[in-house]
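Survey of secondary and tertiary structure
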Amino acid sequence: MRIVVLTGAGISAESGVPTFRGPDGLWEGHRVEDVATPEAFERDPETVHAFYDARRAALASVSPNAAHRALARLEGGIGDELLVVTQNVDDLHERAGTRSLVHMHGELRKALCGACGARVPWNGTLADEPPCPACGARMLRPDVVWFGEMPYELERIEQAVISCDMFVAIGTSGEVYPAAGYVALAAAFGAHTVELNLAPSEGVVPFDEVRAGLATEVVPAWVDEVLAHR
Ligand code: OAD
């Protein structure tokens, strides 16, 4: 039983990390175009750096919740038959113990050098333009994928999606591609598809099974079921 789990902001909501699409359509008071595009960074690097520096600093005061821990427990039970693909840039999956993990939209705790392309672990700020540890250039940016940029490891993810038996989306609105298209791809290749979400998404291709509720409740319950059936 090979399982691919796709997670979005909803899995970290109960840890205190705000989701992207709030009722006001803003991401922590900002329009996405003002902080999450290469154009915004070129136009106003101070604002973009301040935004991600604050998000990175905020990680110190949040912890993984029962949903993150349940996925780590699932990996403990089924090993490398599980791949967790997250759109989240926080590090709560790894702090919960998940190892089989792809950060398709990058990571807050990494910096990307605009000069040499190095991706380096980063816990401090970037607004002060520190030098790249690899080449010394002062061109570091957050290692997060902005709109208009290519997500990471797409080939690996697509291979896993087309060869899985079960595809499970947790806490994602299904509004951002290519991630939003994985349910259709998984279904086309015969996988059983499941959505675990507070408010079911309204994608083009429906999931075979939808369980509505808080991630900290529905995810541990689903993991218990999968492990019980093995
Ligand atoms: P969204 O903010 O679009 O959606 C969050 C989803 O989580 C919604 O479907 C909510 O119903 C659900 N949700 C909220 N609280 C929940 C809870 N406690 N338990 C379960 N579900 C809950 O976030 P994403 O779908 O992750 O991309 O957004 C996708 C991408 O859009 C992000 O990775 C980011 C953003 O712009 C980039 O930065 C490239």
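Now for a description of the structure that goes with this document. (Residues numbered from 1 in each chain as written. Predicted model: local features only at pLDDT ≥ 70, side-chain atom pairs only at ≥ 80, totals over all residues. Heavy atoms only, no water.)

1. Looking at the packing of helix H5 (residues 66-78) against helix H9 (residues 215-228)
At a minimum axis distance of 8 Å, the contact between H5 and H9 shows a crossing angle of 15°. Regarding the angle of H5 to H9, the classification is roughly parallel. Along this stretch, H5 crosses H9, giving a crossing that reads as left-handed. For the pair H5 and H9, the contacting residues are Ala-66, Ala-67, Ala-70, Leu-71, Arg-73, Leu-74, Gly-77 and Ile-78 in the first and Ala-215, Thr-216, Val-219, Pro-220, Trp-222, Val-223, Asp-224, Val-226 and Leu-227 in the second. Within the contact of H5 with H9, the residues separate by chemical class into 13 nonpolar, two polar and two charged. (Axes fitted to C-alpha atoms, helices over the stretch in contact; angles between N-to-C directions. Helix = DSSP H or I, 4+ residues; strand = E, 2+ residues; numbered from the N terminus. Parallel < 35°, antiparallel > 145°, perpendicular 65-115°, else oblique. Left-handed = near helix turned anticlockwise from the far one by under 90°. Contact = heavy atoms within 4.5 Å. Nonpolar A, V, L, I, M, F, W, Y, C, P; charged D, E, K, R; others polar.)

2. Notes on the nonpolar core
Core analysis: the largest hydrophobic core is formed by 22 residues, its most contacted members being Ile-3, Val-5, Leu-71, Val-168, Val-219 and Trp-222. Elements represented by at least two residues in this core include exactly strand S1 (3-7), H5, strand S2 (82-86), strand S7 (166-170), strand S8 (192-197) and H9. Counting residues per element, this core draws most heavily on H9, which supplies six residues. Ignoring anything within four residues of it in the chain, the contact list for Val-168 reads Ile-3, Val-4, Val-5, Leu-6, Val-194, Leu-196 and Trp-222. Leu-83, Val-85, Leu-154 and Ala-186 belong to the second-largest nonpolar core, a separate cluster that totals 19 residues. (Core = buried A, V, L, I, M, F, W, Y, C linked by side-chain atoms within 4.5 Å. Buried < 20%, exposed > 50% of the residue type's maximum accessible area, 1.4 Å probe, protein only.)

3. Looking at the environment of Ala-111
Along the polypeptide, Ala-111 turns up in strand S4 (residues 106-113). When its relative accessible area of 0% is taken as the criterion, Ala-111 is described as buried. Distance from Ala-111 to Leu-126, taken between C-alpha atoms, is 8.2 Å for residues 15 residues apart in sequence. Not counting residues within four places of it along the chain, the set of residues in contact with Ala-111 comprises Ala-118, Arg-119, Val-120, Trp-122, Leu-126, Leu-140, Arg-141 and Asp-143.

4. Let's talk about the sheet that holds strand S5 (residues 119-121)
Pairing between the strands of a sheet is mediated by backbone hydrogen bonds and can be parallel or antiparallel. Taking strand neighbours across the sheet as the criterion, the three strands line up as S5-S4-S6 in an open arrangement whose pairing is antiparallel. Of all strands in the sheet, those bounded by a partner on one side alone are S5 and strand S6 (140-144). Shown here is a sheet whose adjacent strand axes are inclined to one another by a mean of 45°, direction ignored. Of the pairings in the sheet, the one linking S4 to S6 comprises five bridges and is antiparallel in character. The partner of Ala-111 across the bridge, within S6, is Pro-142. Sitting on the sheet, helix H4 (residues 45-58) touches S4 and S6, and the angle it makes with S6 is about 55°. (Pairing = 2+ DSSP bridges.)

5. Quick look at the site of the ligand
Surrounding the ligand, one finds 22 residues, the nearest of these being Ala-9, Arg-21, His-105, Thr-172 and Ser-173. Contacts to the ligand include Gly-10, whose backbone N or O atom sits 3.4 Å from an oxygen atom. Of the residues belonging to the shell around the ligand, the class tally is ten nonpolar, ten polar and two charged. (Near = heavy atom within 4 Å. Polar contact = N/O pair within 3.5 Å; in protein donor to acceptor, adjacent residues only side chain to side chain.)

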